[in-house]
Amino acid sequence: VGQSTQASTQNASASEEPLLHDASSRLVTTQSVELFPEQAPLLLESGATLAPVEVAYETYGTLNTEGSNAILVCHALTGDAHAAGISLSGRTKGKAGWWQGLIGSGKAFDAEKYFVVCSNFLGSCYGTTGPTSENPKTRKPYRLQFPQMTVRDMVRVQRKLLSYLGVRQLVTISGGSLGGMQVLEWALMYPEMVRSIIPVATASRHSAWCIGLNEASRLAIFDDPEWKGGDYDTQPAKGLALARLIAIISYRSRISFENRFGRHQSAPQSHQIWTQLSGENGELFDVQQYLRYQGKKLVDRFDAATYIYITRAMDLHDVSRGRGELGDVLGGIKARTLCVGINSDVLYPAEEQKEIASLIPHAEYREIDSLHGHDAFLIEFDQLNRLIGDFLAEVESHTHIGLSR
Ligand code: COA
């Protein structure tokens, strides 16, 4: 497997980079590979084809000779391949990965033991081919010429990446939200590769509630005059910020906002958020400042057309599409399963996770106790480490996973 199995990590202690703030963290670089050449393009669910497909990914740890100690983690809507360690380059330079609390030495996804892979999914804007990539036919960004991808298409690309890396078996696959949708699809599309799955705060098919919220976000973008039917020169900032603002509210809970912000009106922070966009200068409640800041932050790092494509892919997500009744489809999953819910999640509520667990034969349900709502899957690392660590210990005791190097 040669070069492809080399972890994209360096030992932090060997470096004097001023980036480090956690001695146990490793420095990582996002890698890139071109898959699906012209002669063997990616065939999407829609029937469209794409070639070539660039894939951005990171790995942590070392793949064993059998290719059987791998774990795949899947990111959510605006996430990226930088799941752990401290990034050495690009947009994420100096930043810890989004699941830094779970991946690494002594953590649930222990990089001393497992080979952990995270890739930016198809259709995103962080290094993998998507609407911001150059269309080889026009030499311009695809934008709305990009074919609508689905969660299944994302998984197909991940499967190709894992072959390239020499991975034969996955000890587990995990992810929250849209990440969890990929997890469920993996168990159905490539069951022979998957020993266990850990879907977190997700959906087996997107609910009317979630589709409605995504629709509000998309309309905010479409209504921005800068959108220009998708042919924008400058980002439709107001629309994208408003889309994020709507989403951010749904990621939290009433009580978390109440506890955190109440009716406080602090003096405006250094980040004089969005006044240049809204023209409004009056005193703002803290919650307003927070939401505007989050909106602005996304505008600075994301792309409006990409937001449209990914939210559509989420809305299209339905594991039963073309496969039969939902119960029969989930009932066909053979992998041992840990479904994780969050008791304050209003987007993908605990009840929905319990239902998924009840329909998968070898599934157990565990709950994160948190006030943070849906975002708890990015915050409550102590609880997640405990739940996932226990589950993986059980998976290892029931299956003979070759973890030797
Ligand atoms: N006014 C303005 N800004 C404020 C603020 C206020 N009253 N209170 C906090 N902030 C800013 C902080 O300065 C900080 O800025 P920075 O990110 O530039 O450092 C930021 O808000 C912190 O965000 P917060 O939500 O408070 O972080 P958290 O620790 O509670 O949550 C994450 C951690 C990872 C969940 C959160 O940072 C994040 O990324 N949220 C994105 C939500 C998301 O995409 N979820 C996935 C759903 S699928």
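Quantities reported herein were computed from a predicted structural model and do not represent experimental measurements.

A. Inspection of the nonpolar core at higher detail. Core analysis: the biggest nonpolar cluster contains 86 residues, and L122, L162, V167, L170, W186 and Y307 have the highest contact counts within it. If near-sequence neighbours (up to four positions away) are discounted, V167 is found in contact with L63, G67, A70, F115, L162 and M193. Y60, I103, Y114 and F377 belong to the second largest nonpolar core, which has 34 residues in total.

B. Structural view of the pattern of salt bridges. Summed over the entire model, instances satisfying the criterion amount to 16 salt bridges. Residues E215 and R218 are paired through a salt bridge, measuring 3.2 Å at the closest nitrogen-oxygen approach. Of this pair, E215 and R218 both sit in helix α3 (residues 208-222), 3 residues apart, roughly one helical turn. Ionic pairing is found between R252 and D375, a salt bridge with its closest N-O pair at 3.0 Å. Pair noted here: R252 is in the loop between α4 (237-251) and α5 (254-260) and D375 is in the loop between β15 (363-368) and α11 (381-398), with a separation of 123 residues, a long-range link. Of the residues examined, D375 reaches a relative accessible area of 11% and is grouped as buried. When salt bridges that share partners are traced, they join E45, R152, E185, R321 and R323 into one network.

C. Up close: the site of the ligand. Of all residues adjacent to the ligand, which total 19 residues, the nearest are R260, Y290, Y293, K297 and D375. At 3.2 Å, a side-chain N or O of Q294 approaches an oxygen atom of the ligand. Measuring from a nitrogen atom of the ligand, one finds a side-chain N or O atom of D375 at 2.7 Å. Computed on the free molecule, the ligand has an accessible area of 960 Å², of which 68% lies beneath the protein chains in the complex. Secondary-structure elements contributing two or more residues to the shell around the ligand are α4 and α7 (286-301). In terms of residue count, the dominant contributor to the shell around the ligand is α7 (6 residues).

D. View of the side chain of Q353. By the element assignment, Q353 lies in helix α10 (residues 350-359). Using a relative accessible area of 1% as the deciding quantity, one classes Q353 as buried. With residues near it in sequence (within four places) discarded, Q353 still touches A201, T202, C339, V340, G341, Y348 and Y365.

E. Representation of the sheet that holds β15 in the model. Pairing is mixed across the open sheet formed by 8 strands, whose spatial order is β3-β6-β9-β7-β12-β13-β14-β15. The open sheet is flanked by β3 (31-35) and β15, the only strands paired with a single partner. On average, adjacent strands in this sheet sit at an angle of 20° to one another, irrespective of strand direction. Along the sheet face, helix α2 (residues 178-189) touches β7 (70-74), β12 (170-176) and β13 (196-200) and points at about 145° away from the line of β12. In the packing of α10 onto the sheet, contacts are made with β14 (336-342) and β15, and the angle to β15 comes to roughly 165°.

Conventions and cut-offs
- Residues numbered from 1 in each chain as written.
- Predicted model: local features only at pLDDT ≥ 70, side-chain atom pairs only at ≥ 80, totals over all residues.
- Heavy atoms only, no water.
- Core = buried A, V, L, I, M, F, W, Y, C linked by side-chain atoms within 4.5 Å.
- Buried < 20%, exposed > 50% of the residue type's maximum accessible area, 1.4 Å probe, protein only.
- Contact = heavy atoms within 4.5 Å.
- Salt bridge = Lys/Arg side-chain N within 4 Å of Asp/Glu carboxyl O.
- Helix = DSSP H or I, 4+ residues; strand = E, 2+ residues; numbered from the N terminus.
- Near = heavy atom within 4 Å.
- Polar contact = N/O pair within 3.5 Å; in protein donor to acceptor, adjacent residues only side chain to side chain.
- Areas by Shrake-Rupley, 256 points an atom, 1.4 Å probe, with all protein chains shown as cover.
- Pairing = 2+ DSSP bridges.
- Axes fitted to C-alpha atoms, helices over the stretch in contact; angles between N-to-C directions.

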